[in-house]
Amino acid sequence: MKRLLLFACFVAILAGCGGDDGQLIGVKDRPPFFQETPYGTVYIPPGSYVMGPDDVDVPWSYNSKQKTVTVQAMYMDDSEISNNEYRQFVNWVRDSLLRLMLVDLDQNMVIAQDQYGNDLDPPVINWQERIRLDNQDAEEAVADLFLPENERFYRRKEVDSRKLNFLYYTINLRLAAEKSNRFIPQTQPEKKHGDTKQFPTGKGNYTVWDKPYNGGSYADRTRKNEDRSVFIDKHVINIYPDTLAWIHDFTYSFNEPMTSMYFWHPAYDNYPVVGISWQQASAFCVWRSQLLNSFLEHIGQTAVNEFRLPTESEWEWAARGGLAESPYPWGGPYIRNNRGCFLANFKPMRGSYIDDGGVTTVGIYSYNPNSYGLYCMAGNVAEWTSNAFDEDAYDFEHDLNPDYQYNAGDNEPNVLKRKVIRGGSWKDVGYYLETSSRSYEYQDTAKCYIGFRCVMTYLGRAQGDNLDNVSSAHD
């Protein structure tokens, strides 16, 4: 009896060790979190607006209709990604390859084990170790990254841009979310004496139905893919811009100086990067996300949402700057200000490229920003969005965060490779400057008039998390 009383007291003491007084108070010692605005971005509040043309559409176009939609809060780059910003990505890939090539000479180029002595496969690149190419062994080890002797121009030793391939992985959440690919926990019914019907069997922490219950009372819960690695997609892509786009985009036009100088020369550092395909822009977003979250993890902070390309509904909401029924980011309905100056970089008049202050591209902070602080949402370069292009997308997209995605394979028809571009460019007429105008380009092509900017979904409802922060273009 005494032992029983002692045991009861012991259990009571253990039950009281949680310090919750028997109340539901949530998990204690959760780290505080305050999301800082990523460098180079501005906060875009959530809101609802009428997506689509505010005036008559181009006759017989029918690819843009009016629809009231709601988008979530986000951060968006205040400008298009510049040559110098994209060059950071290129140099990161280059330096990664150099370190991997030098591993045999210097094991410190990578981190092969974790803090517990377990082997890392693959090893992690050690960015603290300096690259030294001041000896013959090192030069021979990295020789494959540079142009071979017979391809060099005036014997210049340059990196072979064909070797700048970026390996990355993504998770196909949409495939994983399909009903046939989901584990759904079930309570296993009690089997009665003499019952011959099929009942579920337990596997791990989940119940997976072997067969449908006779009579249709229970659904078939058998999962097609029990190995979650099938949802991880591997990508390898060359990330160097197509500098020849300046020549092949225009016939009988002298643009060789732009091909030779535009991406690498310091004079163009703050100009928008072009010659970037949709696939390369998506890879940049993955790299930028890993760059930030790896740093946050290193300093002991919580990771944040990943960078990505904006959906076209997010892009249009941000471009409008909270203004309703305004055809342009600055309002409207005119492309000039009250002094007669053009408000964006495009192809005005009868092709007088110079009349708006530019000839081809201009600096990413040219002209005035819209009400959200975003520069060049109209003109300069058109911008990739994450969405596949379909003329009827507005008819079947949801009205909450509308999103239509289809990532076509290399061997699929070109019509399935179309991606929405927005904003118009330096070579486009005024119609494409309108916030509602939409066009497309193919995901595996690169043009000298298309760039991009990134967004990051805000963690939470809105900054300040109160109703006063909700913005609406109907106000």
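Here the structure is shown first, and the text comes after it.
Quick notes on the rules
- Residues numbered from 1 in each chain as written.
- Predicted model: local features only at pLDDT ≥ 70, side-chain atom pairs only at ≥ 80, totals over all residues.
- Heavy atoms only, no water.
- Helix = DSSP H or I, 4+ residues; strand = E, 2+ residues; numbered from the N terminus.
- Buried < 20%, exposed > 50% of the residue type's maximum accessible area, 1.4 Å probe, protein only.
- Contact = heavy atoms within 4.5 Å.
- Areas by Shrake-Rupley, 256 points an atom, 1.4 Å probe, with all protein chains shown as cover.
- Pairing = 2+ DSSP bridges.
- Phe/Tyr/Trp six-rings, centres within 6.5 Å; stacked < 30°, edge-to-face > 60°.
- Lys NZ or Arg CZ within 6 Å of the ring centre and 35° of its normal.
- Core = buried A, V, L, I, M, F, W, Y, C linked by side-chain atoms within 4.5 Å.
- Expected span 1.5 Å × (residues − 1).
- Salt bridge = Lys/Arg side-chain N within 4 Å of Asp/Glu carboxyl O.

Caption draft 1: Here's a closer look at the overall build of the protein chain. Looking only at helices and strands, one finds 9 helices and 16 strands in the protein chain. For the protein chain, with 475 residues in total, the buried portion stands at 40%. For the protein chain, contacts bridging at least 24 residues in sequence account for 69% of all contacts bridging at least 6. Surface summary for the protein chain: the accessible area is close to 28,100 Å², and the carbon and sulfur share equals 51%.

Caption draft 2: Main features of the sheet that holds strand β14 (residues 438-442). Here we have 4 strands laid out as an open sheet, ordered β14-β13-β12-β15, and mixed in their pairing. Of all strands in the sheet, those bounded by a partner on one side alone are β14 and β15 (450-451).

Caption draft 3: Quick look at the packing of aromatic side chains. This model, assessed by the stated rule, comprises 32 aromatic pairs. Consider the rings of Y86 and F263, whose centres lie 6.3 Å apart with planes at 70 degrees: the pair is edge-to-face. Linking Y86 in helix α2 (residues 83-101) with F263 in the loop between α6 (256-261) and α7 (278-298), this pair joins segments that are 177 residues apart in sequence. Here the two residues Y86 and F263 agree in accessibility, since each one is buried. Ring centres 5.4 Å apart and planes at 80 degrees place the aromatic pair Y240 and F263 in the edge-to-face group. Taken together, the residues Y240 in the loop between β10 (232-238) and α5 (245-248) and F263 in the loop between α6 and α7 connect sequence positions 23 residues apart. Residue classification places Y240 among the partly exposed positions, given a relative accessible area of 26%. By way of ring pairs, the aromatic residues Y86, F89, W92, W127, F166, Y168, Y240, F263, F284, W287 and F452 are connected into one cluster. Stacked on the ring of Y449, the Lys or Arg K427 has its end atom at 4.3 Å from the ring centre.

Caption draft 4: Unusual backbone geometry, seen in detail. In this structure, P333 follows G332 across a cis peptide bond, with omega equal to 10 degrees. With a phi angle near 55 degrees, C376 is a residue other than glycine that sits in the positive phi range. Take C376: it is sitting in the loop between α8 (312-320) and β12 (382-388). One non-glycine residue with positive phi stands out, namely N380, at about 70 degrees. With respect to the helices and strands, N380 occurs in the loop between α8 and β12. Given a relative accessible area of 0%, N380 falls into the buried group.

Caption draft 5: How the structure looks around the nonpolar core. If you look at the biggest cluster of nonpolar residues, it comprises 45 residues, and the most contacted ones within it are Y86, F89, F166, I239, F284, W384 and F452. Among the elements of the structure, α2, β7 (165-171), α5, α7 and β12 are those that each provide at least two residues to this core. It is α7 that contributes the most residues to this core, 8 residues altogether. Aside from chain neighbours lying at most four places away, what touches F89 is F166, I239, A283, F284 and W287. Of all hydrophobic cores here, the second largest spans 18 residues; its members include V71, M76, L374 and V455.

Caption draft 6: Here's a closer look at the environment of Q463. Residue placement: Q463 occurs in the segment after β16 (455-457). Expressed as a C-alpha distance, the spacing of Q463 and P45, which sit 418 residues apart in the sequence, is 7.7 Å.

Caption draft 7: Just α7, in detail. Over its 21 residues, α7 extends 30 Å from the first C-alpha to the last, a length consistent with the 30 Å expected when each residue adds 1.5 Å. The positive-phi residue at the C-terminal boundary of α7 is G300, with phi of around 80 degrees.

Caption draft 8: Representation of the pattern of salt bridges. Within this structure, the stated rule accounts for 18 salt bridges. Of the charged contacts in the structure, one is a salt bridge between R162 and E151, with a shortest N-O distance of 2.6 Å. Here R162 is found in the loop between α3 (136-141) and β7, whereas its partner E151 is found in the loop between α3 and β7, with 11 residues between them in sequence. A salt bridge links R174 to D403, with the shortest nitrogen-to-oxygen separation between them at 2.6 Å. With R174 in helix α4 (residues 173-176) and D403 in the loop between α9 (393-396) and β13 (418-422), this residue pair connects regions lying 229 residues apart in the sequence. A relative accessible area of 53% places R174 in the exposed class. On the basis of relative accessible area, D403 is assigned to the partly exposed category, the value being 25%. Via salt bridges that share partners, E312, E316, R320, R422 and R438 belong to a single interconnected network.

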